[in-house]
Amino acid sequence: MPPLLRFRKLSSFSEETISPKAKQSATVEKPKRRRSGRCSCVDSCCWLIGYLCTAWWLLLFLYHSVPVPAMLQAPESPGTRLSRDGVKALHPVILVPGIVTGGLELWEGRPCAEGLFRKRLWGASFTEILRRPLCWLEHLSLDSETGLDPPGIRVRAVPGLVAADHFAPCYFAWAVLIENLAKIGYEGKNLHMASYDWRLSFHNTEVRDQSLSRLKSKIELMYATNGYKKVVVVPHSMGAIYFLHFLKWVETPLHDGGGGGGPGWCAKHIKAVVNIGPAFLGVPKAVSNLLSAEGKDIAYARSLAPGLLDSELLKLQTLEHLMRMSHSWDSIVSLLPKGGEAIWGDLDSHAEEGHNCIYSKRKSSQLLLSNLHRQNYSVKPESWVKEPAKYGRIIAFGKRASELPSSQLSTLNIKELSRVDCTSNDSTSCGEFWSEYNEMSRESIVKVAENTAYTATTVLDLLRFIAPKMMRRAEAHFSHGIADDLDDPKYGHYKYWSNPLETKLPYAPEMEMYCLYGVGIPTERSYIYKLATSSNKCKSSIPFTIDGSVNGDDVCLKGGTRFADGDESVPVISAGYMCAKGWRGKTRFNPSGMETFVREYKHKPPGSLLESRGTESGAHVDIMGNVGLIDDVLRIAAGASGQEIGGDRIYSDVMRMSERISIKL
């Protein structure tokens, strides 16, 4: 019998042997097929995860298998190139981070911080902001009376190179520069991160943590253990004025509150100070931060979602809590503009006169220009500035007050105003937040904002009026003027040591001072404010706010903020003036005539997403990945002088602006 017929016969026999009842039960037990087109949520999630994983593994396979086109390959790093050319580590290097880039960790806290011992509260993933925001704010705030730790809380700077290599996951700060230094031979024995608690006044970093003494000892140790080679110090941002304070402290006698190194300590131990994005003369954004906890980004967010950040319904009061925290940090006051009207301009004149508003910041200027064309403005780039901007008015209440001739502005002696508040129901703030604003009368708040503008000199009076306790505490540690006579004994006090206009550089003729910073990015220079709107139920805890509705016909005025040239955080005049003129040659601020160099890096936005934050960025933090700057730092550390790396390299108007500033040198 053929096999096929045999199989059919067996199949029919097996079917006949199965009882009808068994057939019926089998039919009943057979599950019903799910209708097509109806998928559960779990199925959808599984499919989505499957697609993502498949796409990820496919991209990973292609990345490792397919040759990358030459045009998409990352350029050779400066460290690799210089190492191949024979450049090797020579001088020990000390890195000094600036404000906010250094990590802070918890050593002692309140019950709400359970489980956070030695975990980072600042400079990591910042997840604690979302999980327990009020607890996080409480632990990062300092005591409002002493400017030191509140009772029961100890937050300290993270030690080592990891303190500031990354500000947040995938967002480098010093990491790229450290990696390039390693490629020419640097390691732990000749490379050190001088981390410190950047919230404190510079004097208090020594009082509480002995940070200045530790830095002095580290420099001496690295000098002695590296063949008595002088140290190259690389401060960034606020770290520049922190190290300026150190230069004066280290040579001051012990009995006068100094480090006791004596005259000649700096000349013996330091080859060069390479300042990156230095805020030597302060930043205007420190004013807006203390006045209303705002900057251009906050003002822009407010214009997109009015009332969200300080909604009474949601009880967020985000800016109020941020202001309370920042008012406890003395370091913010160290960044207020220094030199008054002589540096930053008066009501009618300023050093940036003739400034042209053409920038290349992340394509934003192109977008703004296209917006102008859409609005039917017949604007040519060379005619963007129609009316001279009055940058000297750092704070102006209303656009009119920012443009009127000074003779038409209302005169106000702020010292004659009363801060006494009539304790009535309408003077209570929303929620439980309380600030020094709540002690001000409504009449004085309105008077402060009546058709008035404030310069770098009078804005200090404004801050003393609205936040007297904060300013009394902070001004015991910092000064913002210009010295008449640097030989006056009063300038031996530590509060003057971080102001380059009120202290002398050490007598070290062979030492070099560099100012390295980015240019070509709109940088906050002054602000247009208005009175904040408040409800009938309660008074706003922050009565002033940047008027985000104010815009100009050019990119120099947008969202209530006027912009000048700089690196997005520090204007050119603050970063470059001291190296361009204040310390250039033998001056009363530079008695030994040590050489100074200005090296500017013209901002170039990333060409594509593949370039991430770019390798030619001039932005305040991103510049630490700028290949030109890294090349300069590595060559200086390897022994090159300022002349050997090319001397000054200037793209901005810093020299012309410096000549417009007339102070005694």
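Residues numbered from 1 in each chain as written. Predicted model: local features only at pLDDT ≥ 70, side-chain atom pairs only at ≥ 80, totals over all residues. Heavy atoms only, no water.

Engineer: Can you tell me about the overall build of the protein, naming the residues and giving the values?
Structural biologist: A tally of regular secondary structure across the protein gives 24 helices and 17 strands. Per-residue burial for the protein yields a buried fraction of 52% across its 665 residues. In the protein, of all internal contacts separated by at least 6 residues, the share reaching a separation of at least 24 is 76%. As displayed, the protein has an accessible area near 31,500 Å², and 57% of this comes from carbon and sulfur atoms. (Helix = DSSP H or I, 4+ residues; strand = E, 2+ residues; numbered from the N terminus. Buried < 20%, exposed > 50% of the residue type's maximum accessible area, 1.4 Å probe, protein only. Contact = heavy atoms within 4.5 Å. Areas by Shrake-Rupley, 256 points an atom, 1.4 Å probe, with all protein chains shown as cover.)

Engineer: So what about the state of the cysteines? Which residues, and what values?
Structural biologist: Under the definition given, this model contains 2 disulfides. Each disulfide pairs two cysteine sulfurs, and for cysteine 112 the partner residue is cysteine 135, the sulfurs being separated by 2.1 Å. Disulfide cysteine 112-cysteine 135: torsion about the S-S bond near 80°, hence right-handed. Highlighted residues: cysteine 112 in the loop between strand 2 (104-108) and strand 3 (120-122) and cysteine 135 in helix 6 (residues 133-140), separated in sequence by 23 residues. A residue is classified by how much of its surface remains accessible, and cysteine 135, at 8% relative accessible area, is buried. Residue cysteine 515 pairs covalently with cysteine 579 via a disulfide, S to S 2.1 Å. (Disulfide = S-S within 2.5 Å.)

Engineer: So, helix 10 (residues 238-251): which residues are in play, and what are the values?
Structural biologist: Since the α-helix turns once every 3.6 residues, residues separated by three or four places project in the same direction. The terminal C-alpha atoms of helix 10 lie 21 Å apart, and with 14 residues this matches the ideal 20 Å at 1.5 Å per residue to within 8%. Among the 14 residues that make up helix 10, 13 are buried, leaving the element largely enclosed by the rest of the structure. (Expected span 1.5 Å × (residues − 1).)

Engineer: Pulling in residues and values, what's your account of the packing of aromatic side chains?
Structural biologist: According to the stated counting rule, one finds 21 aromatic pairs in the structure shown. Geometrically, the ring pair formed by tryptophan 122 and tryptophan 198 is edge-to-face, given 5.4 Å between the ring centres and 65° between the ring planes. Pair noted here: tryptophan 122 is in strand 3 and tryptophan 198 is in the loop between strand 7 (191-193) and helix 8 (202-209), with a separation of 76 residues, a long-range link. Among the residues examined, tryptophan 122 registers a relative accessible area of 11% and is labelled buried. Residue tryptophan 198 is classed as buried on the basis of its relative accessible area, which comes to 1%. One aromatic cluster is present, built from ring pairs that chain together Trp122, Trp136, Phe167, Tyr171, Trp198 and Trp329. (Phe/Tyr/Trp six-rings, centres within 6.5 Å; stacked < 30°, edge-to-face > 60°.)

Engineer: Account for the pairing of strand 8 (residues 231-235), naming residues and giving values.
Structural biologist: Judged by how many residues are buried, strand 8 sits mostly within the fold: 5 of 5 residues are covered. Judged from the 4 bridges that link them, strand 1 (residues 93-96) and strand 8 form a sheet pairing that is parallel. Its bridge partner being in strand 8, isoleucine 94 is matched across the sheet by valine 233. In this structure, strand 8 lies alongside strand 9 (residues 270-276), joined through 3 bridges in parallel fashion. Counted as the bridge partner of valine 231 is isoleucine 270 from strand 9. (Pairing = 2+ DSSP bridges.)

Engineer: Could you give an account of the sheet that holds strand 2, naming the residues involved and the relevant values?
Structural biologist: One open sheet accounts for 3 strands, arranged 3-2-4; its pairing is antiparallel. The open sheet has two edge strands with one neighbour each: strand 3 and strand 4 (154-157). Looking at each pair of strands side by side, their axes are set apart by 45° on average, direction ignored. Relative to strand 4, strand 2 is paired through 4 bridges, and the arrangement is antiparallel. Bridging from a neighbouring strand, glutamate 108 pairs with arginine 154 of strand 4. (Axes fitted to C-alpha atoms, helices over the stretch in contact; angles between N-to-C directions.)

Engineer: Just give me the short version of the nonpolar core, but keep the residues and values in it.
Structural biologist: Within the largest apolar cluster, 120 residues are counted, with the highest numbers of intra-cluster contacts made by Phe243, Ile395, Ile466 and Phe544. Here the element with the most residues in this core is helix 10; it accounts for 10 residues. Of the domains in this structure, domain 1 (78-273 + 508-521 + 569-660) and domain 2 (284-354 + 388-419 + 436-491 + 522-565) are the two that each give at least three residues to this core. Listed in part, the 37 residues of the second largest apolar core include Phe172, Ile276, Leu516 and Phe597. (Core = buried A, V, L, I, M, F, W, Y, C linked by side-chain atoms within 4.5 Å. Domains from an automatic or database assignment.)

Engineer: Explain helix 7 (residues 175-183) to me, and be specific about the residues and the numbers.
Structural biologist: All of the buried residues in helix 7 are Ala175, Leu177, Ile178, Asn180 and Leu181. Those residues of helix 7 that are buried lie in contact with helix 4 (78-84), strand 1, strand 5 (166-168), strand 6 (171-172), strand 7 and helix 23 (627-637). Trailing helix 7 by a residue or two, glycine 185 shows a phi angle of about 115°, which is positive.

Engineer: Give a description of the environment of alanine 389 that names residues and reports values.
Structural biologist: Mapping alanine 389 onto the fold places it in the loop between helix 17 (364-374) and strand 10 (395-397). Apart from residues lying up to four places away in sequence, alanine 389 is in contact with His350 and Arg562.

Engineer: Please provide a residue-by-residue account of the pairing of strand 9, values included.
Structural biologist: Extensive coverage of strand 9 is indicated by the burial of 7 of its 7 residues. Across 5 bridges, the pairing between strand 9 and strand 12 (residues 512-519) is parallel. Each residue of the ladder has a partner; that of alanine 272, found in strand 12, is glutamate 512.

Engineer: Give me the packing of helix 12 (residues 285-292) against helix 14 (residues 318-326): which residues, what numbers.
Structural biologist: Relative to each other, helix 12 and helix 14 sit at 115°, their axes nearing to 8 Å. Along the contact surface, helix 12 presents Asn289, Leu290, Leu291 and Ser292, while helix 14 presents Leu319, Met323 and Ser326. Residue composition of the contact of helix 12 with helix 14, by class: 4 nonpolar, 3 polar and no charged. (Nonpolar A, V, L, I, M, F, W, Y, C, P; charged D, E, K, R; others polar.)

Engineer: Could you give me a rundown of the pattern of salt bridges, with the residues and numbers involved?
Structural biologist: Inspection of every chain in the model, using the stated rule, returns 34 salt bridges. In this structure, aspartate 487 engages lysine 504 in a salt bridge whose closest nitrogen and oxygen atoms are separated by 2.8 Å. Here the residue aspartate 487 occupies a position in the loop between helix 21 (468-474) and strand 12, and lysine 504 occupies one in the loop between helix 21 and strand 12, the gap between them amounting to 17 residues. When the shortest N-O distance is used, the salt bridge between lysine 604 and glutamate 616 registers 3.5 Å. (Salt bridge = Lys/Arg side-chain N within 4 Å of Asp/Glu carboxyl O.)

Engineer: Pulling in residues and values, what's your account of the environment of threonine 452?
Structural biologist: Position of threonine 452 relative to the elements: it lies in the loop between helix 19 (442-448) and strand 11 (453-454). Here the alpha-carbon distance between threonine 452 and alanine 396, two residues 56 residues apart in the chain, equals 6.1 Å. Non-local contacts of threonine 452, meaning those with residues more than four positions away in its chain, are made with Ile395, Ala396, Phe397, Ala401, Ser410 and Lys447. Here glutamate 450 takes part through its backbone oxygen, which lies 2.5 Å from a polar atom of the side chain of threonine 452. (Polar contact = N/O pair within 3.5 Å; in protein donor to acceptor, adjacent residues only side chain to side chain.)

Engineer: Explain the packing of helix 8 against helix 9 (residues 211-225) residue by residue, including any values.
Structural biologist: Two numbers describe how helix 8 lies on helix 9: the axes approach to 6 Å, and their chain directions differ by 85°. For the element pair helix 8 / helix 9, the angle class is roughly perpendicular. Across the interface between the two elements, Phe202, Thr205, Glu206 and Asp209 of helix 8 pack against Ser211, Leu212, Ser213 and Arg214 of helix 9. Class assignment for the residues of the contact of helix 8 with helix 9 results in 2 nonpolar, 3 polar and 3 charged. (Parallel < 35°, antiparallel > 145°, perpendicular 65-115°, else oblique.)

Engineer: How would you explain the sheet that holds strand 7 if you had to name every residue and give the values?
Structural biologist: By way of backbone hydrogen bonds, the strands of a sheet pair with one another, either parallel or antiparallel. As summarised here, the arrangement of the 6 strands in space is 7-1-8-9-12-17, forming an open sheet in which the pairing is parallel. Taken across any chain shown, the strands that pair with only one partner, and hence form the sheet edges, are strand 7 and strand 17 (595-602). Neighbour-to-neighbour, the strand axes of this sheet turn through a mean angle of 15°, independent of strand direction. Those strands touched by helix 22 (residues 572-582) are strand 12 and strand 17, and its axis lies near 150° from that of strand 12. Contacting strand 1, strand 8, strand 9, strand 12 and strand 17, helix 23 runs over the sheet at an angle of about 170° to strand 9.

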